[in-house]
Amino acid sequence: MIEKRGIGVFPGIAIGKAAVFRHTILDNVEHALSSDPEYELATFENAHRTVLEDVRSIIPHTKEERDMLSVYESMLSDPDYLFLIRSNITERRYTASWAVEAATENYTAALAALGDAYFAERIADIKDAENRLLAAIAGISSEVVISEPAVVIADYLTPSELIQMERSNILGLLLDTGGQTSHVAILAHSDEIPAILGIGDISAIAEDGCVVAMDGREGLAIIEPDDKTIRSFRARKGVAARTEKELKKEAALPAVTTDGRSVHLMCNIEGLEGIEGAIAAGAEGVGLFRTEFLVLHDVKGNGESQAGIYEEAARSMGAYGPVTFRTYDLGGDKMAEGMRREENPILGWRAVRFCMERKDIFRSQLISILRASSVSPSVRMMFPMISGLEELLEVLSFLDEVKDECRKKGIAFDENMKIGTMIETPSAAITADLLADYVDFMSVGTNDLIQYTIAVDRGNEKTQHLYRPLHPAVLRLMKYVVEAGKGKGVTVSICGEMAGYAEYTPLLVGLGFDELSMTAHSILEVRKRVRTLSAESCADFADNVLSLRDATSIEQALKEYNGKTGYSK
Ligand code: PEP
Ligand code: MG
């Protein structure tokens with residue numbers, strides 16, 4: 001029995017068999033010469049045969065899958081590619097993995113030089129095929145196929161890897177890396193998958209198929225638990241299910257403080273599948289639709305085909321409140337197919353920076369959102385990662401152009417559709433008074449705002465101790481944004497993860513936020529919390545807290561306030 005601790009990002013108990021996946025070997029191919037080329041060649045030939053058979057046995061369900069498999073096939077059957085691998089091994093004496101890596105680089109460079117647009121767009125598939133070969137050479141599984149319920153254990157997972165898995169089979173998620181607000185954590189939250197991130201080394205310790213018990217609230221995972229531990233985890237599961245049932249009974253009650261202030265609780269979703277949960281939790285609309293998750297695998301071909309999805313969301317959620325489509329926040333850790341890795345992606349070609357350069361992609365998304373606005377007046381559009389007024393004005397002017405095109409083409413849209421900006425960079429927060437002149441609402445993305453204000457990577461487990469939502473710098477910025485927005489009659493909301501943690505609710509209510517948007521699961525607990533609070537007392541508390549000098553004192557003050565008002569985590 002081995003006990004491991006990490007950052008619990010979604011509460012819940014899971015007990016089950018582990019499905020272990022490691023990228024490490026694939027990411028770090030050793031460039032060493034081999035003393036036994038014959039052995040390396042045989043290893044490669046075996047791996048090649050296995051991968052080719054695997055690929056040929058996959059039955060595609062969609063056009064995307066069919067395209068992907070055809071890229072795998074053509075690459076794995078390309079005589080030039082295979083010749084290069086073999087001669088890398090026999091003549092240059094490369095190891096099998098190095099030979100594959102070097103030949104794949106050559107292969108992609110040759111395709112790029114041909115100017116073949118189709119293949120240039122399939123770089124991610126080529127990389128996948130290469131990974132399959134490297135994994136087969138290393139004798140490990142190259143993808144997590146979750147064909148039966150399992151606790152997924154990995155060194156890391158990208159959001160696109162997670163969304164490709166059969167998530168209904170994921171009992172729990174345990175990762176070596178990642179933090180509270182990394183996008184994989186956010187997806188786990190949305191899908192209500194118990195998850196612990198930043199464990200450090202669990203993927204190296206756990207064996208595929210071993211039994212694991214985990215408690216996502218405590219951030220505790222146990223490999224090969226004994227019977228007593230399993231019994232105790234089962235008992236915890238029973239308690240959690242009962243608490244959840246109690247909370248669900250209150251889903252229809254209004255989120256109003258004891259002194260009558262309404263706090264609008266809305267939902268963050270990543271696709272249509274989030275809507276049912278949002279309605280069941282009593283969400284008053286969608287405060288953040290992370291549209292980029294719909295196109296991670298096909299950002300180019302997808303454009304206006306998104307309209308149907310957006311319209312469906314507008315139709316089903318519009319009656320409950322605003323439906324806020326955030327334009328693509330691609331880049332950072334949400335790389336779409338064909339986007340190149342950057343040295344510093346978090347500060348790089350992200351969100352509107354990407355969209356304003358790829359106006360073909362942006363235009364078709366804007367048209368899709370505009371179309372959806374004709375379905376319901378509840379539709380709102382929001383721009384991510386705005387860094388200042390000039391950028392906002394450029395984006396708004398592009399939106400005007402697209403609206404003109406729609407008018408000319410007779411595409412109906414709501415001329416009064418509300419437009420908002422996210423406030424997730426310190427520069428946007430500090431100039432919120434200027435931005436507020438041009439938008440109807442502002443939504444604070446605390447996940448990024450904390451990351452950029454404290455200069456600490458939100459997804460890096462090594463720096464999580466510095467990722468402090470209650471850092472005075474963060475709270476001062478939040479307070480400033482609320483004041484700037486209110487001064488201009490603009491609604492101010494939060495759609496970062498902070499909104500969904502009930503322990504922060506008194507502070508957020510006290511700072512004066514009008515709307516809090518979070519995953520469906522969090523709404524239940526936050527609603528309960530709002531209903532026990534006095535808005536006036538929260539405002540006094542927030543004022544006091546803003547005079548404190550450091551995150552630790554503020555955390556302590558919040559803990560005391562929560563205790564005094566009957567809440568303990
Ligand atoms: C945020 O940064 O707080 C936010 C809501 O956007 P995302 O988490 O998708 O970056
Ligand atoms: Mg963000």
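First, a word on scope: everything that follows refers to the structure included in this document. Quantities reported herein were computed from a predicted structural model and do not represent experimental measurements.

With that settled, the discussion passes to the overall build of the protein chain. A tally of helices and strands in the protein chain yields 25 helices and 16 strands. What you see for the protein chain is a C-alpha radius of gyration of 25 Å, in line with the 25 Å of a compact globule of 569 residues. Seen along its three principal axes, the alpha-carbon backbone of the protein chain occupies a region of about 80 × 70 × 40 Å. Residues counted as buried form 54% of the 569 residues belonging to the protein chain. Of all intrachain contacts in the protein chain linking residues separated by at least 6 positions in sequence, the fraction that spans at least 24 positions is 69%. On the protein chain, roughly 24200 Å² of surface is accessible, and the fraction owed to carbon and sulfur atoms is 51%.

With that settled, consider the pattern of salt bridges. Within the structure shown, the criterion is met by 28 salt bridges. A salt bridge links Glu45 to Arg86; its shortest N-O distance comes to 2.7 Å. On the criterion of sequence distance, the pair formed by Glu45 in helix H2 (residues 37-57) and Arg86 in helix H4 (residues 79-90) is long-range, its members being 41 residues apart. In this structure, Glu246 and Lys249 form a salt bridge, with 3.0 Å as the shortest nitrogen-oxygen distance. Taken together, the residues Glu246 and Lys249, both in helix H11 (residues 227-249) and 3 residues apart, mark about one turn of the helix.

This part covers the site of ligand 1. Near ligand 1, the surroundings consist of 17 residues, among which Arg290, Arg326, Gly445, Asn447 and Arg458 are the closest. Within the contact set of ligand 1, an oxygen atom lies 2.8 Å away from a side-chain nitrogen or oxygen of Arg326. One of the side-chain nitrogen or oxygen atoms of Glu424 is found 2.9 Å away from an oxygen atom of ligand 1. Here ligand 1, which alone exposes 290 Å², has 100% of that area covered by the protein. By residue number, the principal contributor to the shell around ligand 1 is helix H20 (residues 446-454), which donates 3 residues. Residues belonging to the shell around ligand 1 are distributed by class as follows: 4 nonpolar, 5 polar and 8 charged.

This part takes up the coordination of the magnesium ion (ligand 2). Between any two of four tetrahedral donors, the ideal angle at the metal is 109.5 degrees; between two of six octahedral donors, it is 90 or 180 degrees. Coordination sphere of the magnesium ion (ligand 2), protein contribution only: Glu424 (OE) and Asp448 (OD), at 2.0 to 2.1 Å. Of this pair, Glu424 sits in the loop between strand S13 (418-423) and helix H18 (426-430) while Asp448 is found in helix H20, placing the two residues 24 residues apart along the sequence.

This part is about the packing of H4 against helix H5 (residues 96-114). One can describe the packing of H4 onto H5 by two numbers: an axis separation of 8 Å at closest approach and a directional angle of 140°. The angle between H4 and H5 falls in the class oblique. As H4 packs across H5, the resulting crossing turns out to be right-handed. For the pair H4 and H5, the contacting residues are Tyr81, Leu84, Ile85, Asn88 and Ile89 in the first and Ala96, Ala99, Val100, Ala102, Ala103, Thr104, Asn106 and Tyr107 in the second. When grouped by side-chain class, the residues that make up the contact of H4 with H5 number 10 nonpolar, 3 polar and no charged.

Turning our attention to the pairing of strand S9 (residues 264-269). S9 sits mainly inside the fold: 5 of its 6 residues count as buried. Pairing between S9 and strand S16 (residues 515-518): 4 bridges, direction parallel. In the strand pairing of S16, Met266 is matched with Ser517. Note that the unit made of S9, helix H12 (residues 275-280) and strand S10 (residues 286-290) has a crossover that is right-handed.

As for its position among the elements, Gln464 is in the loop between H20 and helix H21 (472-487). For Gln464, the side chain forms a polar contact with the main-chain oxygen of Arg458, separated by 3.1 Å.

On inspection of all chains with the given rule, the structure shows 10 aromatic pairs. Ring centres 5.6 Å apart and planes at 20° place the aromatic pair Phe362 and Phe398 in the stacked group. One end of the pair, Phe362, is in helix H16 (residues 359-373); the other, Phe398, is in helix H17 (residues 389-409), and 36 residues separate them in sequence. Just as Phe362 is buried, Phe398 falls in that class too. Among the aromatic residues, those joined into a ring-pair cluster are Phe289, Tyr310 and Phe325. Residue placement shows Arg236 over the ring face of Phe233; its charged tip is 4.5 Å from the ring centre. Taking the ring centre of Phe441 as reference, the NZ or CZ of Arg380 above it sits at 3.9 Å.

What follows concerns the sheet that holds strand S5 (residues 170-175). Pairing is mixed across the open sheet formed by 8 strands, whose spatial order is S1-S8-S7-S3-S4-S5-S6-S2. Only two strands of the sheet have a single partner each, and these edge strands are strand S1 (2-5) and strand S2 (7-10). Strand-to-strand twist across the sheet, computed as the mean angle between neighbouring axes with direction ignored, equals 30°.

A few words now on a negative patch on the surface. On the surface, Asp259, Glu536, Asp540 and Asp543 cluster together into a patch of negative charge. Relative to the helices and strands, Asp540 is located in helix H24 (residues 535-545). Classification of Asp540 by relative accessible area gives partly exposed; the value is 46%.

A separate point is the sheet that holds S10. One closed barrel accounts for 8 strands, arranged S9-S10-S11-S12-S13-S14-S15-S16; its pairing is parallel. The sheet shows a mean angle of 25° between the axes of neighbouring strands, direction not considered. Along the sheet face, helix H14 (residues 306-317) touches S10, strand S11 (323-326) and strand S12 (379-383) and points at about 155° away from the line of S11.

Cut-offs used in this document
- Residues numbered from 1 in each chain as written.
- Chains lettered and ligands numbered in written order.
- Predicted model: local features only at pLDDT ≥ 70, side-chain atom pairs only at ≥ 80, totals over all residues.
- Heavy atoms only, no water.
- Helix = DSSP H or I, 4+ residues; strand = E, 2+ residues; numbered from the N terminus.
- Rg over C-alpha atoms; globule rule 2.2 N^0.38 Å.
- Buried < 20%, exposed > 50% of the residue type's maximum accessible area, 1.4 Å probe, protein only.
- Contact = heavy atoms within 4.5 Å.
- Areas by Shrake-Rupley, 256 points an atom, 1.4 Å probe, with all protein chains shown as cover.
- Salt bridge = Lys/Arg side-chain N within 4 Å of Asp/Glu carboxyl O.
- Near = heavy atom within 4 Å.
- Polar contact = N/O pair within 3.5 Å; in protein donor to acceptor, adjacent residues only side chain to side chain.
- Nonpolar A, V, L, I, M, F, W, Y, C, P; charged D, E, K, R; others polar.
- Donors = N, O, S within 2.8 Å, 3.2 Å for Na, K, Ca; no water.
- Axes fitted to C-alpha atoms, helices over the stretch in contact; angles between N-to-C directions.
- Parallel < 35°, antiparallel > 145°, perpendicular 65-115°, else oblique.
- Left-handed = near helix turned anticlockwise from the far one by under 90°.
- Pairing = 2+ DSSP bridges.
- Right-handed = clockwise from strand over helix to strand, strands pointing away.
- Phe/Tyr/Trp six-rings, centres within 6.5 Å; stacked < 30°, edge-to-face > 60°.
- Lys NZ or Arg CZ within 6 Å of the ring centre and 35° of its normal.
- Patch = residues over 30% accessible without salt bridge, like charges linked within 9 Å, V, L, I, M, F, W, Y side chains within 5 Å.
- Lys, Arg positive; Asp, Glu negative; His and termini not counted.
- Charge placed at Lys NZ, Arg CZ, Asp CG, Glu CD.

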